[in-house]
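Given next are the chains, with one letter for each unit.
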Amino acid sequence: MVSAGSWSQISSFVTLGLNWWESILAVFTGGTIFAVIAVLNGIIGARIHTPFAVTSRAAFGYNLAKFVVVSRMVIAWFWFSINTYQGGTGLKLMLIAIWPSFRHLPNHLPASSGTTTQGMLCFFLFWLIQFPLTLMHPRKLKPLFLMKATTLPIIAIGMMGWSIHKAGDQASTVLRASSTVHGLDGYFAFMSAVNSCISTWSTLGCNIGDFTRYSKKESSAALQIVFIPMLWTLTALFGAITSNMTLAIYGEYLWQPFDVIDKWEGSKGGRAAAFFCAAGWALGNMGTNITANSISSANDLCTLFPRWVNILRGQMFAVVVGCWAFVPWKVLASSSSFLSFMSSYAIVLAPIAAILCADYWIVKKQKYNIPELYDPNGIYRYSYGVNWRALVALVVSISPNLPGMINALNSSIDIGNDKYAYAVACLFGMIVGATTHSALSMLFPDHDSIVEQAVLAVDVLEGRVAGYEHATNAAHDSRDEKGEVDSTKVVEV
C-alpha cells in the first residue's frame, strides 16, 4: 500500500488545513472502517472461492450484478490511467536527471490542456514501456513485484528522513504546528479526509474476494483487520510529515512525491537520488497497474462478455481505454480535484460493498448455493434478474449524496450545508445501504434464494449433493495425472 497514489492522497490532507498527526488519525480512522468491510467480504471469498462478479449475483440478482461489476471495472480503468500518468512523471524526472536540458523541452500544448508536451511525451513513453508487461502472466513478473516491495518502503523512509534533516531547526516547529481549520470547518476537513481514505480503496472493498478466493484459510483474510490500518498509518506517517517539512524547506506544500524529487537537481548527488527515487515510485505504479487494475478489470470484462472477451483482450481494453479516456492530467492538476473525485465515486461503491456484506452475513445467514450463482435462470435470478431489495437499497443510499457529489466536482454550484453531510458520504452509504437491504429482505423475503444449507463447489464436485451428478462426472474427467481437479475445467462446470 506504499505507492505514489496513497502518498499523494495523504499529503493532500495537509492542504485542507489538517496538521500531520490529524492527517494520520484520519487515515487510521478510515483504514479501520474500511478494514471491517474488507475482512467481511474477504472471508466470503476465502470461504466460497468465487470471484466478485459471480458472488455479487446472490445479493443483486443475475442482471443487476452487471451494473455492480461495471461500476468497479470503470474505476479500475480510472486508476490505471492515474498510475500511468504518475509513472510518466517519474520517467520525466529520470530523463531530467540524466539530461537536464530535457526540462526545457518546448511546450506546444495550451495551458487549458492541463499538461505539457513534455508531460504528454513521458506519459506515452511510460505507457509504451508498460504495455508489454501488462500482457505477461503475473508469475513471470515476480522479480518486478519483489523489487517493488523492497525498494518503495526504503525510498519512502529515506525521503521522510531527508525532509526532516533538510528542515533542520524548523522541523520541530512544523511538527508542533496546530491545524488551520477549527469547528465546523475542522470537522469538514477531517471527515473529508476519512471519506477519501475509504473511497480510494472502495474498489478493493467490493472485489477483495477476487484475491481471497485463493486463500486456503479464512484467517488469512481476517488478519487484514490488523494489517490494513497499520500499513495505512505507516504510509500516512511518511507522506504527512514529508509534506509538512516541504513547507519549511520550500515555502509550499508539495503533496506528490514526484514534486519533492523535482527539486533535487542542484548537484550530481541530487540528480542521482532523483533518478533512483523516481524510478522506484514509477516501478510501484507499474506493479499496481498490472495486478490491481489491468487483470482485475479484465476479469470483470470477461464475465460481462465471455463469448467475445478473454483475459488478454480485457487487459488490452484496459491499457487503451484506461489510459487515454480519463484524462488523468486534469484529475491530478490540483489536490482538491483529486480529493473530490476520490470521494465522489465512493457514493456508489461503498453501498455496494456494504450490501454484499449484509446479504451474506445477515440476509442469507452465510448460506449460498454456489452452482446456482452460475445459472441465469437459477434461484438468484429474482425478478427479471434484479433483486429489487438491493436496488432500492442502492437508490436510497446513493441519492442523498448526489448534491454533494455535484458540488465536489463543481464548487460553483451552491448546495448550502449539504456539503457537511457529504463529508460522511461513505459511512452514510454503507450504513443506509446495508440496513435498507437487510430490512427489506426480512420484511419481504425471497424464499427461493434462501437455502437451508450452504452448497459449496467442493461438495458438488465430490458428489455430496444430489442433483449435480453431471458436475461430479465432469470434475472426475478433469482430474490430472496426480488426481487433482483441473481448476480451469472446474470453473466451466
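Just so it is clear, the model here is predicted, and its values are computed rather than measured.

Colleague: How should the overall build of the protein chain be read in this particular structure?
Modeller: Looking only at helices and strands, the protein chain features 25 helices and zero strands. Here the C-alpha atoms of the protein chain give a radius of gyration of 24 Å, agreeing with the 23 Å that 2.2 N^0.38 yields for 493 residues. Classification of the 493 residues of the protein chain by burial places 53% in the buried group. Of the contacts made within the protein chain by residues no fewer than 6 positions apart, 81% connect residues no fewer than 24 positions apart. Looking at the protein chain, you have 31 positive and 27 negative side-chain charges, and the mean spots of the two groups are 7 Å apart.

Colleague: Would you take a moment to explain empty space enclosed by the protein for this structure?
Modeller: Over the atoms rolls a probe the size of a water molecule, and in doing so it shows where empty space is left. The tally for this structure, following the rule as stated, stands at four cavities of 30 Å³ or more. By volume, the largest cavity is sized at about 100 Å³. Surrounding the largest cavity, Asn-41, Ile-44, Gly-45, Thr-50, Pro-51, Phe-52, Thr-55, Ser-56, Cys-206, Gly-209 and Leu-356 form its lining. Elements that contribute at least two residues to the lining of the largest cavity include exactly helix 2 (20-48) and helix 3 (52-60). Class assignment for the residues of the lining of the largest cavity results in five nonpolar, six polar and no charged.

Colleague: Even after reading the chapter, I still don't get the packing of aromatic side chains, so can you show me in this structure?
Modeller: Geometrically, a pair of aromatic rings is defined through the distance of the ring centres and the angle of the planes. Counting across every chain of the model gives 20 aromatic pairs. Both rings, one in Tyr-368 and one in Tyr-380, keep their centres 6.1 Å apart while their planes meet at 65 degrees; by these two values the pair is edge-to-face. You can see Tyr-368 sitting in the loop between helix 17 (335-363) and helix 18 (370-373) and its partner Tyr-380 sitting in the loop between helix 18 and helix 19 (388-398), a full twelve residues away along the chain. The rings of Tyr-85, Phe-123, Phe-124, Trp-127, Phe-131, Trp-324 and Trp-329 are connected pair by pair, giving a single aromatic cluster. Between the NZ or CZ atom of Lys-263 and the centre of the ring of Tyr-250, over which it lies, the distance is 5.3 Å. Sitting over the face of the ring of Trp-308, Arg-307 holds its NZ or CZ atom 5.8 Å from the ring centroid.

Colleague: Any chance you could explain a nonpolar patch on the surface here in plain terms?
Modeller: On the surface, Val-36, Leu-223, Ile-225, Val-226, Phe-227, Met-230, Leu-231 and Leu-234 cluster together to form a nonpolar patch covering roughly 650 Å² of accessible area. Looking at the nonpolar patch element by element, the count peaks at six residues for helix 12 (residues 224-250). By secondary structure assignment, the location of Leu-223 is in the loop between helix 11 (218-222) and helix 12. What makes Leu-223 partly exposed here is its relative accessible area of 45%.

Colleague: Would you mind going over the pattern of salt bridges with me for this structure?
Modeller: Between side chains of opposite charge, a pair can form when the charged atoms approach closely. Scanning the model with the defined rule gives five salt bridges in all. Across the pair Arg-72 and Asp-300 runs a salt bridge, and its minimum N-O distance is 2.7 Å. Of this pair, Arg-72 sits in helix 4 (residues 64-98) while Asp-300 sits in helix 14 (residues 268-304), placing them 228 residues apart in sequence. For the pair formed by Arg-72 and Asp-300, the shared burial category is buried. A salt bridge links Lys-263 to Glu-252; its shortest N-O distance comes to 3.6 Å. Of this pair, Lys-263 sits in the loop between helix 13 (257-261) and helix 14 while Glu-252 sits in the loop between helix 12 and helix 13; the two residues are eleven residues apart in sequence, bridging distant segments of the chain. Classification of Glu-252 as partly exposed rests on a relative accessible area of 37%.

Colleague: Would you take a moment to explain the environment of Lys-364 for this structure?
Modeller: With respect to the helices and strands, the residue Lys-364 is situated in the loop between helix 17 and helix 18. Classification of Lys-364 as buried rests on a relative accessible area of 4%. Put simply, Lys-364 and Glu-452 are 88 residues apart on the chain and 9.3 Å apart in space, counted from C-alpha to C-alpha. Leaving out residues up to four positions away in the same chain, Lys-364 has contacts with Ala-58, Asp-359, Tyr-380, Tyr-382, Ser-449 and Ile-450.

Colleague: Is there a simple way to think about the nonpolar core in this case?
Modeller: The tendency in soluble globular proteins is for nonpolar side chains to be buried side by side. The biggest cluster of nonpolar side chains holds 67 residues, and the ones touching the most others in it are Leu-18, Val-27, Phe-60, Ile-352 and Ile-355. The greatest single-element share of this core, amounting to twelve residues, is contributed by helix 17. Look past the residues within four positions of Ile-352 in its chain and what remains in contact with it is Phe-60, Val-68, Ser-71, Cys-206 and Leu-394. Ile-96, Met-159, Ala-278 and Trp-281 belong to the second-largest nonpolar core, a separate cluster that totals 40 residues.

Colleague: It is not clear to me how the packing of helix 8 (residues 183-200) against helix 22 (residues 425-443) should be interpreted in this structure. Could you clarify?
Modeller: For any two helices packed against each other, the geometry comes down to the angle between their axes and how far apart the axes lie. Following both chains from N to C, one finds helix 8 and helix 22 inclined at 60 degrees, their axes separated by 8 Å at the closest point. In terms of their interaxial angle, helix 8 and helix 22 are classed as oblique. Contact residues: helix 8 offers Met-191, Asn-195, Ile-198 and Ser-199, while helix 22 offers Ala-425, Cys-426, Leu-427 and Met-430. Of the residues that constitute the contact of helix 8 with helix 22, the class distribution is six nonpolar, two polar and no charged.

What counts and how
- Residues numbered from 1 in each chain as written.
- Predicted model: local features only at pLDDT ≥ 70, side-chain atom pairs only at ≥ 80, totals over all residues.
- Heavy atoms only, no water.
- Helix = DSSP H or I, 4+ residues; strand = E, 2+ residues; numbered from the N terminus.
- Rg over C-alpha atoms; globule rule 2.2 N^0.38 Å.
- Buried < 20%, exposed > 50% of the residue type's maximum accessible area, 1.4 Å probe, protein only.
- Contact = heavy atoms within 4.5 Å.
- Lys, Arg positive; Asp, Glu negative; His and termini not counted.
- Charge placed at Lys NZ, Arg CZ, Asp CG, Glu CD.
- 1 Å grid on protein atoms, 1.4 Å probe; cavity = no way out; pocket = protein on both sides within 12 Å on 5 of 7 lines; lining within 4 Å.
- Points joined across faces, edges and corners; volume = space filled by probe spheres on them.
- Nonpolar A, V, L, I, M, F, W, Y, C, P; charged D, E, K, R; others polar.
- Phe/Tyr/Trp six-rings, centres within 6.5 Å; stacked < 30°, edge-to-face > 60°.
- Lys NZ or Arg CZ within 6 Å of the ring centre and 35° of its normal.
- Patch = residues over 30% accessible without salt bridge, like charges linked within 9 Å, V, L, I, M, F, W, Y side chains within 5 Å.
- Areas by Shrake-Rupley, 256 points an atom, 1.4 Å probe, with all protein chains shown as cover.
- Salt bridge = Lys/Arg side-chain N within 4 Å of Asp/Glu carboxyl O.
- Core = buried A, V, L, I, M, F, W, Y, C linked by side-chain atoms within 4.5 Å.
- Axes fitted to C-alpha atoms, helices over the stretch in contact; angles between N-to-C directions.
- Parallel < 35°, antiparallel > 145°, perpendicular 65-115°, else oblique.

Just geometry here; none of it tells us what the structure is for.
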